[in-house]
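For reference, the chains in residue letters:
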Amino acid sequence: MSPLTPEQLAAITHYLDRLPRLTPPLKEELLDHLCCAVEDQLARGASFADALAQVQGLMNENEVDEIIHSLPKNRSKMIQALLGVLTISLTGFLFPWPAATPPSVVPDTAECPISELPALMPPLVVDWAPPSHCPIDMGCTEDRTSSGFGMRIHPVTNEEVLHRGIDWRAPLGTPVYAAGPGHVMQAGQNGQYGNYIRLVHDDTYQTAYAHLSEVLVKVGDTVEAGDLIGRVGSSGASIGSHLHYEVIKNGSPVNPIAYLP
Amino acid sequence: MHDTELLKGTLKTIVLRLLAEEGRMYGYQITQRVRELSAGELELTEGALYPTLHKLEKAGLVTTEKERVGGRMRKYYRLSPQGQASATTYLAQFQHFVLVMNRVLQLKTDQ
């Protein structure tokens, strides 16, 4: 496939320049996408004019607005927009995956081999509520916590830092529970956090549990709300046995108190 | 014509799986591969794909790198270690769900 000439590249760039809400770096990424689409059309014998017209139809102002609207926002207060209208079109029912199976975690009931499965595409991501199961048995109201969310003087380093979660002082070995259903994204040593677990609940929410004495899950495990995942300790940068708990929304920590019963 | 609701939740599973298989991919390459694997029956639109890729990046499941190709910058996506784990988990969940639905709906497979 021969690459685009500078003039052709300029024509495509010029088209994207005319879409006012499109800014780098998304513009750069969509430019590459459109160029690839044009190159494919040219390889099939279309004229550049026809190819350009086709991709302009694909990527019009509305489509670009949808993409921009659906991107994850940087400020944690903004609610993540839904994916927008998916105009995925199907023309049949068959959806055969290649025969290779993943390296681990195969379901127990194997009487129906993958190649014989019907082409059903279920919605895997249900609308989870934010994680709201209390991760510790001590009661989840604000007055039971020993350190709240927000700016504070760190007890070990003495610097003013953002405390990214809340702390509950608790005896060594106190059970720690998953705050919501999901799966384990990280489990083990994590610097100042000590023994650390991070759960992914859905597209928006993750929770983290730190300074544990024991980590009872491993990466890839599925958990339900209330499952035992670890035990309280004082590992990492900690001056006493406590659970440090974070709720992470769209990549930024938020005050967990808002989500607890 | 099928309900797009059915497909919405699986886009992340599809992208993570492809990246697990192929290593490094850019957006257009992902749409091509899906078209190829589905024998032309699945067309991912940019409005579906790019928000998904950016969400995966924000969640730390993929990392990105850029390269100059054919006069423009191309952004490649790759699974992070957390992404590797997620890919396996989501795929297993999908397999399990379809097995269960197969039994519940008593679907015939001779289509």
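Residues numbered from 1 in each chain as written. Chains lettered and ligands numbered in written order. Predicted model: local features only at pLDDT ≥ 70, side-chain atom pairs only at ≥ 80, totals over all residues. Heavy atoms only, no water.

**Concerning the overall build of chain B**
Then, in step 1: Scanning chain B from terminus to terminus reveals five helices and three strands.
Then, in step 2: Listed N to C, the secondary structure of chain B is α-α-β-α-α-β-β-α in terms of helices and strands.
Then, in step 3: Looking at chain B as a whole, 53% of its 111 residues are labelled buried.
Then, in step 4: Long-range pairs, those at least 24 residues apart, make up 45% of the contacts in chain B between residues at least 6 apart in sequence. (Helix = DSSP H or I, 4+ residues; strand = E, 2+ residues; numbered from the N terminus. Buried < 20%, exposed > 50% of the residue type's maximum accessible area, 1.4 Å probe, protein only. Contact = heavy atoms within 4.5 Å.)

**Remarks on the overall build of chain A**
Then, in step 1: Secondary structure summary: chain A contains four helices and 11 strands in total.
Then, in step 2: Expressed as a percentage of its 261 residues, the buried residues of chain A come to 47%.
Then, in step 3: The contacts of chain A with a sequence gap of at least 6 include a subset with a gap of at least 24, amounting to 61%.
Then, in step 4: About 13,000 Å² of surface is accessible on chain A, with carbon and sulfur atoms providing 55% of the total. (Areas by Shrake-Rupley, 256 points an atom, 1.4 Å probe, with all protein chains shown as cover.)

**Structural notes on the sheet that holds strand S3 (residues 72-79) of chain B**
Then, in step 1: With respect to topology, three strands assemble into an open sheet ordered S1-S3-S2 (chain B), the strand pairing being antiparallel. Where the open sheet ends on each side, the last strands, each with one partner, are strand S1 (24-26) and strand S2 (62-69) of chain B. For this sheet, the mean angle separating the axes of adjacent strands, direction not counted, is 35 degrees.
Then, in step 2: Here S1 of chain B runs beside S3 of chain B; their pairing, made up of three bridges, is antiparallel. What sits directly across from Arg24 of chain B, in S3 of chain B, is Arg78 of chain B.
Then, in step 3: Contacting S1, S2 and S3 of chain B, helix H2 (residues 26-43) of chain A runs over the sheet at an angle of about 100 degrees to S3 of chain B.
Then, in step 4: Together, S2 and S3 of chain B form the strand contacts of helix H4 (residues 46-58) of chain B, whose direction differs from that of S3 of chain B by roughly 60 degrees. (Pairing = 2+ DSSP bridges. Axes fitted to C-alpha atoms, helices over the stretch in contact; angles between N-to-C directions.)

**Focus on the environment of Glu46 of chain B**
Then, in step 1: Tracing the sequence through the fold places Glu46 of chain B in helix H4.
Then, in step 2: Counting along the chain gives 18 residues from Glu46 of chain B to Tyr28 of chain B, while the straight-line C-alpha distance between them is 8.7 Å.
Then, in step 3: With residues near it in sequence (within four places) discarded, Glu46 of chain B still touches His33, Leu58, Met59, Glu63 and Ile67 of chain A together with Pro51 of chain B.

**Some thoughts on the packing of aromatic side chains**
Residue and element names in this part refer to chain B.
Then, in step 1: Taken as a whole, this structure holds five aromatic pairs over all chains when the rule is applied.
Then, in step 2: Ring centres of Tyr26 and Tyr76 lie 5.6 Å apart, and the angle between their planes is 85 degrees; this geometry places the pair in the edge-to-face category. With Tyr26 in strand S1 and Tyr76 in strand S3, this pair connects stretches of sequence that are 50 residues apart. Of the two residues, Tyr26 and Tyr76, both sit in the buried class.
Then, in step 3: The ring of Tyr76 carries Arg24 above its face, with NZ or CZ at 3.6 Å from the centroid.
Then, in step 4: The positively charged end of Arg74 is found above the aromatic ring belonging to Tyr26, 3.8 Å away from the centroid. (Phe/Tyr/Trp six-rings, centres within 6.5 Å; stacked < 30°, edge-to-face > 60°. Lys NZ or Arg CZ within 6 Å of the ring centre and 35° of its normal.)

**Some thoughts on the confidence of the model for chain A**
Residue and element names in this part refer to chain A.
Then, in step 1: Taken residue by residue, chain A gives an average pLDDT of 76. The fraction at 70 or more is 76%.
Then, in step 2: For chain A, the element scoring lowest by mean pLDDT is strand S1 (residues 150-153), at 80; strand S9 (residues 228-232) scores highest, at 94.
Then, in step 3: Note that residues 75-128 has pLDDT below 50 and, in this model, 116 contacts with residues that lie over four places away or in other chains. (pLDDT = per-residue confidence, 0-100.)

**Describing helix H3 (residues 27-37) of chain B**
Then, in step 1: Looking at H3 of chain B, one finds that the buried residues are Gly27, Tyr28, Ile30, Thr31 and Val34 of chain B. Each buried residue of H3 of chain B sits inside an arc of 160 degrees when the element is viewed along its axis, so together they form one side.
Then, in step 2: On its buried face, H3 of chain B sits against H2 of chain A together with helix H2 (11-22), S1, H4 and S3 of chain B.
Then, in step 3: With its phi angle positive at about 50 degrees, Ala39 of chain B sits one or two positions after the end of H3 of chain B. (Arc of directions from axis to C-beta.)

**Let's talk about the confidence of the model for chain B**
All names here are of chain B.
Then, in step 1: Mean pLDDT over chain B: 87, with 89% of residues reaching 70 or higher.
Then, in step 2: Averaged pLDDT values over the elements of chain B bottom out at 60 in helix H1 (residues 4-8) and peak at 96 in S1.
Then, in step 3: Scoring the predicted complex yields pTM 0.51 and, for the interface, ipTM 0.87.

**Let's talk about the packing of H2 of chain A against H3 of chain B**
In a pair of packed helices, the angle between the axes and the distance between the axes together describe the arrangement.
Then, in step 1: Two elements in contact, H2 of chain A and H3 of chain B, have axes whose closest approach is 8 Å; the angle formed by their N-to-C orientations is 50 degrees. Considering the angle they form, H2 of chain A stands oblique to H3 of chain B. From H2 of chain A, His33, Cys36, Ala37 and Asp40 of chain A reach across to H3 of chain B, where they touch Gly27, Tyr28, Thr31 and Gln32 of chain B.
Then, in step 2: Here the contact of H2 of chain A with H3 of chain B is built from residues that sort into three nonpolar, four polar and one charged. (Parallel < 35°, antiparallel > 145°, perpendicular 65-115°, else oblique. Nonpolar A, V, L, I, M, F, W, Y, C, P; charged D, E, K, R; others polar.)

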